[in-house]
Amino acid sequence: IVEDTERAKKALNAAGLTVRENRVFAVRMKDRLGSFNQVVKQLNRLDINIQYTYAYKELDVNVLIFRVGQDDFQNAVQALQEAEIEIIEKHFFSD
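Keep in mind that this is a model prediction, so the values were computed, not measured. (Residues numbered from 1 in each chain as written. Predicted model: local features only at pLDDT ≥ 70, side-chain atom pairs only at ≥ 80, totals over all residues. Heavy atoms only, no water.)

*Asks:* Tell me what's going on with the pattern of salt bridges, and back it up with residues and numbers.
*Replies:* Scanning all chains against the criterion turns up three salt bridges. Between Glu21 and Lys9 there is a salt bridge; the shortest N-O distance is 2.9 Å. Of the two residues, Glu21 sits in the loop between helix H1 (5-14) and strand S1 (25-29) while Lys9 sits in helix H1, which places them 12 residues apart along the sequence. A salt bridge links Glu86 to Arg28; the nearest nitrogen and oxygen atoms lie 2.9 Å apart. With Glu86 in the loop between helix H3 (73-82) and strand S4 (87-88) and Arg28 in strand S1, this pair connects stretches of sequence that are 58 residues apart. A relative accessible area of 31% means that Arg28 is categorised as partly exposed. Among the charged side chains, a network of salt bridges with common partners joins Glu6, Lys9 and Glu21. (Salt bridge = Lys/Arg side-chain N within 4 Å of Asp/Glu carboxyl O. Helix = DSSP H or I, 4+ residues; strand = E, 2+ residues; numbered from the N terminus. Buried < 20%, exposed > 50% of the residue type's maximum accessible area, 1.4 Å probe, protein only.)

Here it is in structure tokens:
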């Protein structure tokens, strides 16, 4: 996840790497049993396929990053917000 996609693409291409840009969203998670399942259950309810996900912790914040099909992106975010699952805004990842 980068703030300046064009700069990142140029740097990676210059290093001989292939670059692909994907739209993702991040979810703030509680550190307790079943938190991941709570998110996945909401996406499954709408038959939204998770293409990939990964987790990390920054300071005291547990974060899950999701990529879903681009046709499902808005529906996924809306479903999670309606279920009161916090979507982390872009500014969280930048300075």
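*Asks:* Describe the sheet that holds S4, with residues and values.
*Replies:* Read across the sheet, four strands follow the order S2-S3-S1-S4 without closing on themselves; strand pairing throughout is antiparallel. One side of each edge strand has no neighbouring strand; the edge strands of this open sheet are strand S2 (50-58) and S4. For S1 and S4, the ladder comprises two bridges, and the chain directions are antiparallel. Bridging from a neighbouring strand, Ala26 pairs with Ile88 of S4. Sheet strands in contact with H3 are S1, strand S3 (61-68) and S4, and its direction is about 20 degrees off that of S1. (Pairing = 2+ DSSP bridges. Contact = heavy atoms within 4.5 Å. Axes fitted to C-alpha atoms, helices over the stretch in contact; angles between N-to-C directions.)

*Asks:* Tell me about the environment of Gln38, residues and numbers included.
*Replies:* Mapping Gln38 onto the fold places it in helix H2 (residues 35-45). Here Gln38 falls in the partly exposed class, since its relative accessible area comes to 34%. Each C-alpha atom of the pair Gln38 and Ala83 lies 9.1 Å from the other, and the pair is 45 residues apart in sequence.

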